[in-house]
Amino acid sequence: MNHSFHPPHRTLMGPGPSDVSPRVLGALGRPTIGHLDPQFITLMDEIKALLQYVFKTENELTIPLSAPGSAGMEAAFVNLLSPGDTVIVCQNGVFGGRMKENVERCGATAVMVQDRWGDPVDPEKVTAAFAAHPEASVLAFVHSETSTGVRSDAETLCAIAKNHGALTVVDTVTTLAGIDLQVDNWGADAVYSGTQKCLSCVPGLSPMTFSPAAVDRIQQRPERVQSWFLDMQLVMGYWGGDSKRAYHHTAPVNALYALHEALLIVREEGLEASFERHRNNHLQLVAGLERMGLEMAVAPEWRLPQLNAVCIPEGVDDAEVRGRLLREFDLEIGAGLGELAGKQWRIGLMGHASNPVNVQRCLTALGTVLGR
Ligand SMILES: *Cc1c(COP(=O)(O)O)cnc(C)c1O
């Protein structure tokens, strides 16, 4: 209690946070300036432009929310929904369940489309749900299900929603900078992410982007947004266009230095090169795991390169293995979430942590602990 906290040096290969680059940590420690300082406002503008690059969008309302990914999820729903609305919510893992919670707390009805945990969202079920509920005004789904390591076909799901005149809420927390995401080309409407996964930034911010159609819906809503802090009409006044900024809350100044640096790193590498690197390291990891006799939990086509779900072999003690990896190798991998607890490990290769040295480190450590 009387000493400064000095964390151990871990290698973070779980579902997030991922290893933060020293460049980003360096940026975090630079002198704090006022959040309405003209130089800080320039930085905010640069962050918006860099986020437009990583989201592949020209959406004007593209900002980092001053709160973690879960707040991004909540912001998407509270801004787009009014009591009595119907939302089609796809669930194929933990995060779809949280979407349902959010929808219901907005006084809206969630029509659930369920898929097996480990499978992608089935577009045919979504089409059927729209046929049964033509009144649905929003389709919500998770692009990269971090709880299962599964990608869903966001482009097809967005197209189905558009055909039915519905907006989309898309969770891209684990997607951003790890696998391709084309907000404008795919026509996604309210898209949120997080900083601590493939952006390899410190946790606590949620990059978000809203399409012009989503902004229209927000501006035309009949009643005020139930959350004052997450009300995009107010947040827009702070992060908004060229006019003067109205104080809404104090931006997390240093965290935004860190995000700016993390986004610069992504742009220097180039998004496509980043996707390629994630893919290559994933293939190396899978090859090594399979040589050890371990099985992957997800069909190859739908695997997330940044999050590898591995079946825990019969008779192996999950907590014991993860505990030894942490104690003996300073290596963190993820446990199974929800119904997959004790059945799977989740090995992250996200952002800065997606490199050949980590692949080897993980294979060696796991091989030693498992005696394979
Ligand atoms: C991590 C994650 C979240 C939540 O983000 P937090 O920053 O932990 O609040 C939401 N959705 C998905 C798919 C995630 O992986």
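Residues numbered from 1 in each chain as written. Predicted model: local features only at pLDDT ≥ 70, side-chain atom pairs only at ≥ 80, totals over all residues. Heavy atoms only, no water.

Packing of helix 11 (residues 271-291) against helix 13 (residues 356-370) leaves a shortest axis separation of 9 Å and a crossing angle of 15°. Relative to helix 13, the element helix 11 lies roughly parallel. Relative to helix 13, helix 11 is oriented so that their crossing is right-handed. Residues N281, Q284, L285, G288 and L289 of helix 11 form the contact with helix 13, whose own contacting residues are P356, V359, C362, L363 and L366. Taken together, the residues that form the contact of helix 11 with helix 13 break down as seven nonpolar, three polar and no charged. (Axes fitted to C-alpha atoms, helices over the stretch in contact; angles between N-to-C directions. Helix = DSSP H or I, 4+ residues; strand = E, 2+ residues; numbered from the N terminus. Parallel < 35°, antiparallel > 145°, perpendicular 65-115°, else oblique. Left-handed = near helix turned anticlockwise from the far one by under 90°. Contact = heavy atoms within 4.5 Å. Nonpolar A, V, L, I, M, F, W, Y, C, P; charged D, E, K, R; others polar.)

To continue, consider the pairing of strand 3 (residues 86-91). Within strand 3, six of the six residues are buried, leaving the element largely enclosed by the surrounding structure. Burial along strand 3 is two-sided: the residues T86, I88 and C90 and V87, V89 and Q91 are all buried. The pairing of strand 3 with strand 4 (residues 109-114) spans six bridges and is classified as parallel. Looking at the pairing, Q91 lines up with Q114 of strand 4. At this point the chain moves from strand 3, through helix 4 (residues 94-105), to the parallel strand 4, and the crossover so formed is right-handed. Inspection of the sheet shows strand 3 paired to strand 5 (residues 138-142) by three bridges, in the parallel sense. Its bridge partner being in strand 5, V89 is matched across the sheet by A140. (Buried < 20%, exposed > 50% of the residue type's maximum accessible area, 1.4 Å probe, protein only. Pairing = 2+ DSSP bridges. Right-handed = clockwise from strand over helix to strand, strands pointing away.)

Next up on the list: the domain arrangement of the protein chain. When cut into domains, the protein chain gives domain 1 (11-16 + 271-371) and domain 2 (22-267). The C-alpha centroid of domain 2 is placed 27 Å from the C-alpha centroid of domain 1. Taken together, the contact pairs 25 residues of domain 1 with 29 residues of domain 2. Approximately 2200 Å² of surface area, both sides summed, lies buried where domain 1 meets domain 2, with 64% of it carried by carbon and sulfur atoms. The largest share of the area that domain 1 buries against domain 2 comes from L271, W302 and L304, three residues that together contribute 31% of it. The interface formed by domain 1 and domain 2 holds one salt bridge in total. One salt bridge in this structure joins K56 and E272, with 2.8 Å as the shortest N-O distance. (Domains from an automatic or database assignment. Buried area = accessible area lost by both parts, 1.4 Å probe. Salt bridge = Lys/Arg side-chain N within 4 Å of Asp/Glu carboxyl O.)

Lining the immediate surroundings of the ligand are P68, G69, S70, F95, V142, S144, T146, D171, V173, T174, Q196 and K197. Here a nitrogen atom of the ligand and a side-chain polar atom of D171 are 2.7 Å apart. A distance of 3.2 Å is found between an oxygen atom of the ligand and a side-chain nitrogen or oxygen belonging to T174. Within the complex, 88% of the 380 Å² of free accessible area of the ligand lies under protein. A class-by-class count of the residues in the shell around the ligand yields four nonpolar, six polar and two charged. (Near = heavy atom within 4 Å. Polar contact = N/O pair within 3.5 Å; in protein donor to acceptor, adjacent residues only side chain to side chain. Areas by Shrake-Rupley, 256 points an atom, 1.4 Å probe, with all protein chains shown as cover.)

Read from one edge to the other, the open sheet built from seven strands follows the order 2-10-9-8-5-3-4, with strand pairing classed as mixed. In this open sheet, the two strands that pair with only one neighbour each are strand 2 (61-65) and strand 4. Geometrically, the sheet is characterised by an average inter-axis angle of 15° between neighbouring strands, direction not taken into account. The sheet contacts of helix 5 (residues 123-132) involve strand 3, strand 4 and strand 5, and relative to strand 4 the element is tilted by about 150°.

This paragraph deals with the packing of helix 2 (residues 38-55) against helix 10 (residues 253-269). The contact between helix 2 and helix 10 brings their axes to 10 Å, and the two run at 40°. One finds that helix 2 runs oblique with respect to helix 10. Viewed along their axes, helix 2 and helix 10 form a crossing whose handedness is left-handed. Two secondary-structure elements touch here, helix 2 through F40, L43, E46, I47, L50, L51, Y53 and V54 and helix 10 through V253, L256, Y257, L259, H260, L263, L264, V266 and R267. A class-by-class count of the residues in the contact of helix 2 with helix 10 yields 14 nonpolar, one polar and two charged.

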